[in-house]
Amino acid sequence: MTTSIASGSAPAVRTYEVRTYGCQMNVHDSERLSGLLEDAGYLKATDGTQADVVVFNTCAVRENADNKLYGNLSHLAPIKEANPDLQIAVGGCLAQKDRATITEKAPYVDVVFGTHNIGSLPVLLERARVQEEAQVEILESLEVFPSTLPTKRESAYAAWVSVSVGCNNTCTFCIVPSLRGKEKDRRPGEILAEIEALVAEGVTEVTLLGQNVNAYGVEFGDRKAFSKLLRACGEIEGLERVRFTSPHPAEFTDDVIEAMAETPNVMPSLHMPLQSGSDRVLKAMRRSYRSTKFLGIIERVRAAIPHAAITTDIIVGFPGETEEDFQATLDVVRESRFASAFTFQYSKRPGTPAADLPDQISPEIVKDRYQRLVDLVNEIAHEENQKNVGRTLELMVAEGEGRKDSSTKRLSGRAPDNRLVHFNAAGAEGVRPGDMVTVEVTYAAPHYLVADNPVLEVRRTRSGDAWEARQGVSTGSTDGTSPTVGLGMPSVGVPAPLPPAPACG
């Protein structure tokens with residue numbers, strides 16, 4: 001039983017839960033929040049139990065973000081009333097935007113903190129407990145780079161690594177720059193040191209993360225800093241896979257393409273946000289490129305990396321978008337042959353220039369265009385996936401990405417180009433998340449591949465060892481000798497990657 005606030009003493013051990021919404025930057029920030037709380041003595045709540053502290057790490061990109069937050073907060077209101085010791089904290093982009101209005105709409109919230117001061121959370125929670133009143137602390141600029149904070153990473157084998165925070169672009173649909181601030185870059189040595197430390201812990205895949213990741217270096221004046229960083233990652237022994245998200249087409253230069261093609265551990269996958277195929281709409285969005293430049297990048301990437309899988313973000317129904325503009329988007333989609341696309345219906349966000357533009361598109365038209373776009377994207381993705389049937393691929397075994405794995409008796413993994421592959425586990429007994437398997441693709445669907453023949457080869461890895469150590473069980477050594485316990489189907493762990501928010505590229 002917890003001790004009440006009125007008694008003036010905190011419980012000896014308190015539990016926490018972090019709920020994450022939005023882009024990969026928020027996912028990574030939540031790892032920091034978890035690390036901070038554990039460093040302060042909190043323990044992660046077990047499944048099915050009510051945590052003593054619930055933290056909402058929010059997103060402000062989508063129109064329903066506010067409704068989703070307040071709906072979830074309202075579910076906690078009666079629990080808070082029954083147990084005053086429960087603490088509720090709200091952080092992230094929506095907290096940065098709404099500030100004090102959160103405690104007006106949900107007066108039972110204990111702490112509100114912004115994107116620039118996630119490191120303050122434990123202190124704010126304690127201050128709220130002692131003073132018995134809500135604490136709202138929003139900073140206007142970054143004081144401590146988040147990567148200096150303690151981190152509890154959700155995956156033993158794959159990790160996010162921030163290279164920068166903030167964005168210098170002024171896209172009219174995007175509220176992120178006003179909430180995350182101007183771009184701040186980490187020094188290369190600091191980034192590489194973090195990656196080397198992760199590899200020493202068993203991580204074999206990293207994703208370099210930034211709001212505008214390929215603009216990295218702008219703060220210290222090196223236009224080729226990002227390509228140099230990719231090449232430097234190639235020198236790190238034990239680092240098998242390097243990815244990055246999300247780049248901006250305007251700053252995507254040939255030296256980055258060359259670094260991708262020439263650095264073996266940089267994977268043949270690229271997420272390149274299009275947003276619209278209409279030059280008129282791109283101009284209205286203040287996207288500083290046009291469709292010809294975008295298609296030129298795609299062409300050069302494919303020439304250098306023939307098997308590259310290219311994904312994108314597209315917004316439908318931007319103010320003033322005509323049927324002709326929409327057809328231009330479909331034309332670019334047909335020519336680009338995307339492996340997949342994250343498609344969004346435009347939503348008006350207060351505080352963005354686009355919110356005040358005339359000619360807002362009716363929901364009926366937006367919905368119709370959206371469905372036509374999704375149909376085309378799925379058709380092309382299916383055709384592109386079918387090209388992989390018969391190919392032999394090495395997969396990194398994933399955890400928690402195959403929703404039907406238990407019923408199909410398959411496992412799941414990610415190919416080098418980041419395609420999701422569900423595979424027959426025959427011949428891979430005792431394989432662990434983070435291990436590598438070689439399979440032959442036998443079937444293709446629009447959103448995944450299937451390998452139904454027995455696994456051709458298993459390569460046990462340090463990442464598998466690291467995953468196993470977290471579970472407190474053993475399935476054998478990395479040399480493949482003396483397997484002791486077959487874990488079977490992975491059922492818990494890292495969820496499938498969140499789709500990039502349309503504002504983050």
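For every chain, the first residue of its written sequence is number 1, and the numbers climb from 1 along that sequence. Owing to the predicted nature of the model, reporting of local features is limited to residues with pLDDT of at least 70; listing and counting of side-chain atom pairs is limited to 80 or more, with chain, interface and lining totals taken over all residues. Here the side-chain values reflect all heavy atoms present in the structure, with hydrogen atoms and water set aside.

Labelled according to an unreviewed UniProt entry, the chain appears under the name tRNA-2-methylthio-N(6)-dimethylallyladenosine synthase, originating from Nocardioides luteus. Turning to the chain, the UniProt record has this under Subcellular location (unreviewed entry): "Cytoplasm". Heading Sequence similarities (unreviewed entry) of the UniProt record for the chain holds this comment: "Belongs to the methylthiotransferase family. MiaB subfamily." UniProt positions are given in the numbering used here, feature names are shortened, and annotations may be inferred rather than shown by experiment.

Moving on, we get to helix α8 (residues 225-233). Note on classification: 1.4 Å probe, protein chains only; a residue is buried when its accessible area is under 20% of the maximum for its type, exposed when over 50%, partly exposed between these limits. We count a stretch as a helix when DSSP gives it H or I for four or more residues in a row; a strand needs E for two or more, and each element gets its number in order from the N terminus. Considered for burial, the residues of α8 that qualify are A225, F226, S227, L229, L230 and C233. Should any heavy atoms of two residues lie within 4.5 Å, those residues are considered in contact. Residues of α8 that are buried make contact with α7 (188-200), β10 (205-209), β11 (241-245) and α9 (254-262).

Turning next to the pattern of salt bridges. In the sections that follow, a salt bridge refers to a side-chain nitrogen of Lys or Arg positioned within 4 Å of a carboxyl oxygen of Asp or Glu. If you walk through the whole model with that rule in mind, you get 32 salt bridges. With a shortest N-O distance of 3.5 Å, E154 and K44 are connected by a salt bridge. Note that E154 is positioned in the loop between β6 (135-137) and β7 (158-162) and K44 in strand β2 (residues 43-44), a separation of 110 residues in sequence. Residue class for E154 comes out partly exposed when judged on its relative accessible area of 33%. Residue classification places K44 among the partly exposed residues on the basis of a relative accessible area of 43%. As a salt-bridge pair, R334 and D331 come within 3.1 Å of each other at their nearest N and O atoms. In this pair, R334 and D331 both sit in helix α12 (residues 323-336), three residues apart, roughly one turn of the helix.

On to the confidence of the model for the chain, then. Chain-level pLDDT for the chain is 88 on average; 89% of the residues reach the 70-or-more range. Confidence of the predictor at the level of single residues is given by pLDDT, which spans 0 to 100. Across residues 1-8, where pLDDT falls below 50, the model places 15 contacts with residues more than four positions away in sequence or in other chains. Contacts from residues 474-503, a stretch scored under 50 in pLDDT, to residues over four places away or in other chains number 77 contacts.

On the basis of which strands lie adjacent, the open sheet formed by six strands has the order β2-β1-β3-β4-β5-β6 and parallel pairing. Only two strands of the sheet have a single neighbouring strand rather than two, namely β2 and β6. In the sheet, strand β4 (residues 87-92) pairs with strand β5 (residues 111-113) via two bridges, with the strands oriented parallel. Each bridged residue has a counterpart across the sheet, and for A89 the counterpart in β5 is V111. Relative to strand β1 (residues 15-20), helix α1 (residues 24-39) is tilted by about 170°, and along the sheet it contacts β1, β2, β3 (53-58) and β5. Strand pairing is defined by DSSP finding a minimum of two bridges between the two strands. Think of each axis as a best-fit line through the C-alpha atoms, taken over the contacting stretch in the case of a helix, with angles from 0 to 180 degrees between the N-to-C directions.

Below, the discussion takes up the packing of aromatic side chains. Pairing of aromatic rings covers Phe, Tyr and Trp, the last counted by its six-membered ring, and requires centre-to-centre distances within 6.5 Å; plane angles under 30 degrees mean stacked, over 60 mean edge-to-face, and any other angle means tilted. Under the definition given, this model contains five aromatic pairs. Taken together, a centroid distance of 6.2 Å and an interplanar angle of 65° make the contact between F294 and F338 edge-to-face. Within this pair, whereas F294 is found in helix α11 (residues 291-304), its partner F338 is found in the loop between α12 and β14 (340-345), the two being separated by 44 residues in sequence. Just as F294 is buried, F338 falls in that class too. Ring centres of F318 and Y346 lie 5.5 Å apart, and the angle between their planes is 70°; this geometry places the pair in the edge-to-face category. Here Y346 lies in the loop between β14 and α13 (363-386) and F318 lies in the loop between β13 (309-316) and α12, a separation of 28 residues in the sequence. By the burial criterion, F318 is buried, and Y346 matches it. Aromatic ring contacts, followed pair by pair, group Y289, F294 and F338 into a single cluster. Here, a charge over a ring is recorded when the distance from Lys NZ or Arg CZ to the ring centre is within 6 Å and its angle to the ring normal is within 35 degrees. The ring of F220 has R187 sitting right over it, with the charged end atom 4.4 Å from the ring centre.

Turning to the pairing of strand β17 (residues 420-424), a few remarks are in order. Counting buried positions along β17 yields four of five residues, so the element is predominantly enclosed. Pairing analysis gives five bridges linking strand β16 (residues 410-414) to β17, with the strands arranged antiparallel. Each bridged residue has a counterpart across the sheet, and for R410 the counterpart in β17 is N424. Hairpin connection between β16 and β17: a loop of five residues separates the two successive antiparallel strands, and N418 in this loop has a positive phi of roughly 80°. Looking at chain direction, β17 and strand β20 (residues 449-451) are connected through three bridges and run parallel. Paired with V421 across the two strands is L449, which belongs to β20.

Here the focus is the pairing of β4. When a strand is regular, its side chains alternate between the sheet's two faces. Across the six residues of β4, six count as buried, placing the element largely inside the fold. Judged by which residues are buried, β4 turns out to be covered on both faces: Q87, A89 and G91 on one side and I88, V90 and G92 on the other are all buried. Where β3 and β4 come together, six bridges link them in parallel fashion. Bridged to F56 within β4 is V90.

So, on to the UniProt feature "binding site: [4Fe-4S] cluster 1" (unreviewed entry) in the chain. Sequence positions flagged by UniProt for "binding site: [4Fe-4S] cluster 1" (unreviewed entry) are, in local numbering, C23, C59 and C93. Across 71 residues, the annotated set stays spatially compact, with a maximum C-alpha separation of 10.6 Å. Among the structural elements, C23 can be located in the loop between β1 and α1. Relative to the helices and strands, C93 is located in helix α3 (residues 93-98). C93 sits in the buried class, given a relative accessible area of 6%. The residues contacting C93, other than those within four sequence positions of it, are T58, C59, A60, T115, L179 and R180.

As a further point, take the sheet that holds β14. The parallel open sheet is built from three strands, whose spatial order is β12-β13-β14. Both outer strands of the open sheet, β12 (269-271) and β14, are each paired with one neighbouring strand and no more. Across the sheet, the mean angle separating the axes of adjacent strands is 10° when strand polarity is ignored. As judged from the six bridges shared by β13 and β14, these two strands associate in the parallel manner. In the strand pairing of β14, V316 is matched with Q345.

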